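As a plain string of letters, each chain reads:
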Amino acid sequence: MPSHVFADRPSAQPPERGSVEALITQTRRLRGEVDAVRRDAGADRGDQGRWQRALCDLAVHQLNDLDDHLAQLRDGPVQSDVAPTAPAVPAPLEPQHGSLLSRVGSAEWNLLNDEASWSGELYQILGRDSEAPPLSLDELPSLVHVDDQPMLTAMVTDCLIDGKPIDGEFRIVRPDSGVRQVHMMGEPVLAADGSTASMWAVLRDVSELRRSQRVVRETRDSLQRQRHIAQTEHRLAVELQEAVLPPWRGSLRFPHGGPAALDLAAHYLPSSTSSLIGGDWYDALELPDGQFLLSVGDLTGHGVTVTSGMAMLLGAVRGMAVAGVQPGQLMGWLNQLLDTTTQPALGSAVCCQYTPAGRTLTWAQAGHPAPLLFRDGTGRALTPPGGVILGATSGATYEQAEVRLEPGDLLLLHTDGLVPRRARDAATSRLLALAPRFTDTRGAQDCVRLVVEEFGVAPREDDACLLIARINQ
């Protein structure tokens, strides 16, 4: 028989009791801290919270195991008064709730007299009657799941013949048909002549540990999939937004060099609390009859669906404006379009039509903040004509208003993300207070920069768009 790797191993010396006690104390303190972290994670019912709780459960399982192993190390092996030739099986212990005594058992198989000795804990793990005789090594595979029997047989054979340690997992099928995952570690015990006299093993029920690991793995994979989906949707929403909106840095330019009558600039401010793109838009369009369309709006929600809906609405606004539809009628048809879409949504918008020849601004709104007009160092909000939120009711009609502008006037249009609803009056007052500073600027782009400096730093719950038009001579 080949020489066994354990033949000349010296017997292990027990560690000092005080050092083990210190490790046990540290383990239990750490377990309490992990429990506290788990309680804190309990409030989050999403995938992130489930993943955190699963990791905490796994850590607690492992710390419980460590605590039990250290206690066994401290107490040393159980002494038996029965002669080695007739080992007695300890009476099974009733495990306490959460105790590892029901999950760690031991066994020894004597090859010289064909006797076996099982601990009471092993009987509990395998679900066998403690009065029944322990199974021999030849009989042991009968408890193992049929797919795992070859693996167990190979491990035992390698241990007995080649002296290889046993270290593997397999499934056992209990008499009640329950399946448990068992981790087995063992070594051969050599006789004086070097032959294998017996084999001992420790069997640990790792079913709950593997379940916790599986939950951690599944929640982690689910979280990664959701993050990947969110990143993909964000990228698509950004690309769609950039494709349909005019440039949002610098002055707006019209295709043919721009009208001398208007100096335009705009800016998009993303939300500071969400990475998702919203449905805010702004637009400036030169119409075939020499008039100009200015519009801003906001479709409720975030993500690709909302951004694609915004693109649809913006396309409709442009198409109807080019066809000569007036702002009031345009809002009515836009409301009907949103009301008949397969995914109903709500939105707000303001649409302005500027006629350079008479410097008149005709406009309509749908539940949206009114444009702000700045003139001679002062500012005011235009009186809004009647109009409900888009998509709120079928067949709604929208009034329109008209105001005459003067050279040097500045018109400011924005979505409600710039001015939160709960503080709209105060924020609008802050915008109007910028009137003297607007007077000293050189153009619309400088005015946009002032507004961004005033409102762009504070945390913002929603996206916001800003469009400024200055009436030239």
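Residues numbered from 1 in each chain as written. Predicted model: local features only at pLDDT ≥ 70, side-chain atom pairs only at ≥ 80, totals over all residues. Heavy atoms only, no water.

Description of the overall build of the chain
Test applied: Secondary structure elements are taken from DSSP: a helix is a run of H or I of four residues or more, a strand is a run of E of two residues or more, and numbering for both begins at the N terminus. Exposure is judged per residue with a 1.4 Å probe applied to protein chains only, and the accessible area is read against the type maximum: over 50% gives exposed, under 20% gives buried, and values in between give partly exposed. Any pair of residues with heavy atoms lying within 4.5 Å of one another is described as a contacting pair. Only the protein chains shown count as cover for residues, and the accessible areas themselves come from Shrake-Rupley with a 1.4 Å probe.
Along its length, the chain carries 10 helices and 15 strands. Scored against the burial criterion, the 473 residues of the chain give a buried share of 43%. Counting contacts in the chain only where the partners sit at least 6 residues apart, residues at least 24 apart contribute 66% of the total. Surface summary for the chain: the accessible area is close to 24,400 Å², and the carbon and sulfur share equals 53%.

What about the sheet that holds strand β14 (residues 410-414)?
Rules: When DSSP locates at least two bridges between a pair of strands, those strands are taken to pair. Here an angle of 0 to 180 degrees is reported between the N-to-C directions of two axes, which are lines fitted to C-alpha atoms, with helices fitted over the stretch in contact.
The 5 strands lie next to each other as β6-β15-β14-β11-β12, forming an open sheet whose pairing is antiparallel. Taken across any chain shown, the strands that pair with only one partner, and hence form the sheet edges, are β6 (262-269) and β12 (378-381). For this sheet the average axis-to-axis angle between neighbouring strands, irrespective of direction, equals 15 degrees. Both β6 and strand β15 (residues 464-471) contribute to a ladder of 8 bridges, which runs antiparallel. Bridging across to β15, Tyr268 finds its partner in Cys465. Packed onto the sheet, helix α10 (residues 444-455) meets β6, β14 and β15 and runs at close to 30 degrees relative to β6.

Quick look at unusual backbone geometry
At Arg359, a residue that is not glycine, the phi angle is positive and equals roughly 50 degrees. With respect to the element layout, Arg359 can be found in the loop between β9 (347-355) and β10 (360-366). On the basis of relative accessibility, which here comes to 26%, the residue Arg359 falls in the partly exposed class. We note that Asp376 has phi near 55 degrees; this positive angle belongs to a residue other than glycine. Structurally, Asp376 is set in the loop between β11 (372-375) and β12. When its relative accessible area of 73% is taken as the criterion, Asp376 is described as exposed.

Re the pattern of salt bridges
Here is the rule we go by: For salt bridges, the criterion is a side-chain nitrogen of Lys or Arg within 4 Å of an Asp or Glu carboxyl oxygen.
Under the defined criterion, the tally for this structure stands at 15 salt bridges. A salt bridge links Asp176 to Arg174, with the nearest nitrogen and oxygen atoms 3.8 Å apart. Overall, the relative accessible area of 55% leaves Asp176 in the exposed class. Where Arg430 meets Glu454, a salt bridge forms, and the shortest distance between an N and an O atom there is 3.2 Å. Of this pair, Arg430 sits in helix α8 (residues 424-432) while Glu454 sits in helix α10, placing them 24 residues apart in sequence.

Brief notes about the sheet that holds strand β7 (residues 278-286)
Within a beta sheet, neighbouring strands are joined by backbone hydrogen bonds and run either parallel or antiparallel to one another. In space, the 5 strands of this open sheet follow the order β7-β8-β9-β10-β13, with antiparallel pairing throughout. Pairing within the sheet leaves two strands with one partner each, and these edge strands are β7 and β13 (401-404). Across the sheet, the mean angle separating the axes of adjacent strands is 15 degrees when strand polarity is ignored. With 7 bridges joining them, β9 and β10 adopt antiparallel strand pairing. Residue Cys352 lies in a different strand from β10, and its bridge partner there is Trp363. Sheet strands in contact with helix α6 (residues 304-322) are β7 and β8 (292-302), and its direction is about 20 degrees off that of β7.

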